[in-house]
Amino acid sequence: MPGRTKDAKGPKGQPDAFRSCISCMLSAQSLDRNTAAAAAALFALARTPRAMLALSDEAIAAAIKPCGLYNTKTRNIRRFCEVLLAEHGGTVPATREGLLALPGIGRKCADIVMSFTFGADVIAVDTHVHRVCNRIGLTQAKTADRTAEQLEARSPAWALRDGHFWLIQLGKRICHARSPRCEVCPVQDLCEYYAATAKDIA
Ligand code: SF4
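Definitions and limits used
Residues numbered from 1 in each chain as written. Predicted model: local features only at pLDDT ≥ 70, side-chain atom pairs only at ≥ 80, totals over all residues. UniProt positions renumbered as here; feature names shortened; annotations may be inferred. Core = buried A, V, L, I, M, F, W, Y, C linked by C-beta atoms within 7 Å. Buried ≥ 20, exposed ≤ 12 C-beta atoms within 10 Å, placed from the backbone. Helix = DSSP H or I, 4+ residues; strand = E, 2+ residues; numbered from the N terminus. Domains from an automatic or database assignment. Contact = placed C-beta atoms within 7 Å. pLDDT = per-residue confidence, 0-100. Axes fitted to C-alpha atoms, helices over the stretch in contact; angles between N-to-C directions. Parallel < 35°, antiparallel > 145°, perpendicular 65-115°, else oblique. Left-handed = near helix turned anticlockwise from the far one by under 90°. Nonpolar A, V, L, I, M, F, W, Y, C, P; charged D, E, K, R; others polar. Expected span 1.5 Å × (residues − 1). Arc of directions from axis to C-beta.

You'll find the protein entered in an unreviewed UniProt entry as Endonuclease III, with Aurantiacibacter arachoides given as the organism. Checking UniProt for the protein, the heading Sequence similarities (unreviewed entry) contains the comment "Belongs to the Nth/MutY family." Here is the UniProt Cofactor (unreviewed entry) comment for the protein, exactly as written: "[4Fe-4S] cluster".

Right, dumping it as structure tokens:
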């Protein structure tokens, strides 16, 4: 019976809801190490919505430059902080609906914050989880958001939070986007992709 995965960390190691949201916004189309560098530089300057809004766009953009798309991300961060202050007094709402209503927060970010910061039984689906689930056959979805919906509808609640961690590790270490290492994969016998391609692989 699986238990909690002890070394599963929150989004980029940020336990605080505000910083979790910002970190997730920074992670769009960015490598983990670049996201971490950008987040560290930004949070060294500001760690609250009010402090963030006191920064100039140039200061935010310079801090987050390592994670790319920094002009768009700067605009999103500013708008996110403005709405968070105006509509929630600076406190991140602890519901998926509330999170999704905030600028710059999509399903993946909302679910990451819900799962890792607020401890809800939801599964956050990133590109790795999406790819792995659709190869194995756990889901049949063209988008990560649809994969998340199907996983949530089909999985027991206890598996959702840690499932994110298990699937992401499988995707990063074995089920690579271009060349999945099926020959060493622990779920080979459960995988539809493997069953369909085993002849080619052997
Ligand atoms: S068997 Fe291959 S395609 Fe299936 S999950 Fe494992 S690595 Fe991915």
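Past the structure itself, the notes keep going.
Colleague: Is there a simple way to explain the nonpolar core in this structure?
Modeller: Note on soluble globular proteins: their nonpolar side chains tend to be buried together. Counting 47 residues, the largest nonpolar core has Cys21, Met25, Ile64, Cys109 and Val113 as its most contacted members. Looking at this core, the elements that each hand over two or more residues are helix H1 (17–26), helix H2 (32–45), helix H4 (57–64), helix H5 (70–88), helix H7 (107–117), helix H8 (127–136), helix H9 (144–154) and helix H10 (157–173). The element best represented in this core is H1, accounting for seven residues. Of the domains in this structure, domain 1 (11–117) and domain 2 (127–201) are the two that each give at least three residues to this core. Beyond its immediate chain neighbours, meaning those up to four positions away, Met25 contacts Lys73, Asn76, Ile77, Phe80, Gly104 and Cys109.

Colleague: When you look at unusual backbone geometry in this model, what are you seeing that I'm missing?
Modeller: Glycine aside, a negative phi is what most residues show, and trans is what most peptide bonds show. A positive phi angle, near 50°, is found at Gln29, a position not held by glycine. Structurally, Gln29 is set in the loop between H1 and H2. Accessibility expressed as a C-beta count within 10 Å gives 11 for Gln29, which makes it exposed. Of note, Leu69 is a non-glycine position whose phi angle comes to about 50°, a positive value. Among the structural elements, Leu69 can be located in the loop between H4 and H5.

Colleague: Mind showing me how you'd approach the confidence of the model for the protein here?
Modeller: If pLDDT is low for a region, its predicted coordinates should not be looked at in detail. Residue-level pLDDT values for the protein average 92, and 91% of them are 70 or greater. Counted against residues more than four places away or in other chains, residues 6–12, with its pLDDT under 50, gives 16 contacts.

Colleague: Would you mind showing me how to read the environment of Gln140 here?
Modeller: Along the chain, Gln140 turns up in the loop between H8 and H9. Gln140 sits in the exposed class, given 11 other C-beta atoms within 10 Å.

Colleague: How do you make sense of the packing of H1 against H5 when you look at a structure like this?
Modeller: Relative orientation and spacing of two packed helices are given, respectively, by the angle between their axes and the distance between those axes. Axis separation between H1 and H5 bottoms out at 10 Å; the angle between their running directions is 160°. Between H1 and H5, the angle falls in the class roughly antiparallel. Along this stretch, H1 crosses H5, giving a crossing that reads as right-handed. Residues Cys21, Ile22, Met25 and Leu26 of H1 form the contact with H5, whose own contacting residues are Lys73, Asn76, Ile77 and Phe80. Each residue belonging to the contact of H1 with H5 can be placed in one class, and the counts come to six nonpolar, one polar and one charged.

Colleague: Can you walk me through the UniProt feature "domain: HhH-GPD" (unreviewed entry) in the protein in this structure?
Modeller: In this numbering, the UniProt entry assigns the feature "domain: HhH-GPD" (unreviewed entry) to residues 26–173. Along residues 26–173 one finds 68% helix and 0% strand; the C-alpha atoms at either end are 23 Å apart.

Colleague: So what exactly am I meant to see when it comes to the environment of Thr197 here?
Modeller: By the element assignment, Thr197 lies in helix H11 (residues 192–201). The partly exposed category is assigned to Thr197, around which 14 C-beta atoms lie within 10 Å. Spatially, the C-alpha atoms of Thr197 and Cys182 are 9.8 Å apart, while their sequence positions differ by 15 residues.

Colleague: Is there a simple way to explain H5 in this structure?
Modeller: Along an α-helix, residues three or four positions apart point the same way, because every turn accommodates 3.6 residues. The end-to-end C-alpha distance of H5, which contains 19 residues, comes to 25 Å, matching closely the 27 Å that a straight helix rising 1.5 Å per residue would cover. Along H5, the residues classified as buried are Tyr70, Lys73, Thr74, Ile77, Phe80, Cys81 and Leu84. All buried residues of H5 lie within an arc of 130° about the axis, which places them on one face of the element. For H5, exposure combined with an orientation more than 90 degrees from the buried face picks out Asn71, Ala86 and Glu87. Structurally, H5 contributes buried residues whose contacts are with H1, helix H3 (49–53) and H4. The positive-phi residue at the C-terminal boundary of H5 is Gly89, with phi of around 60°.

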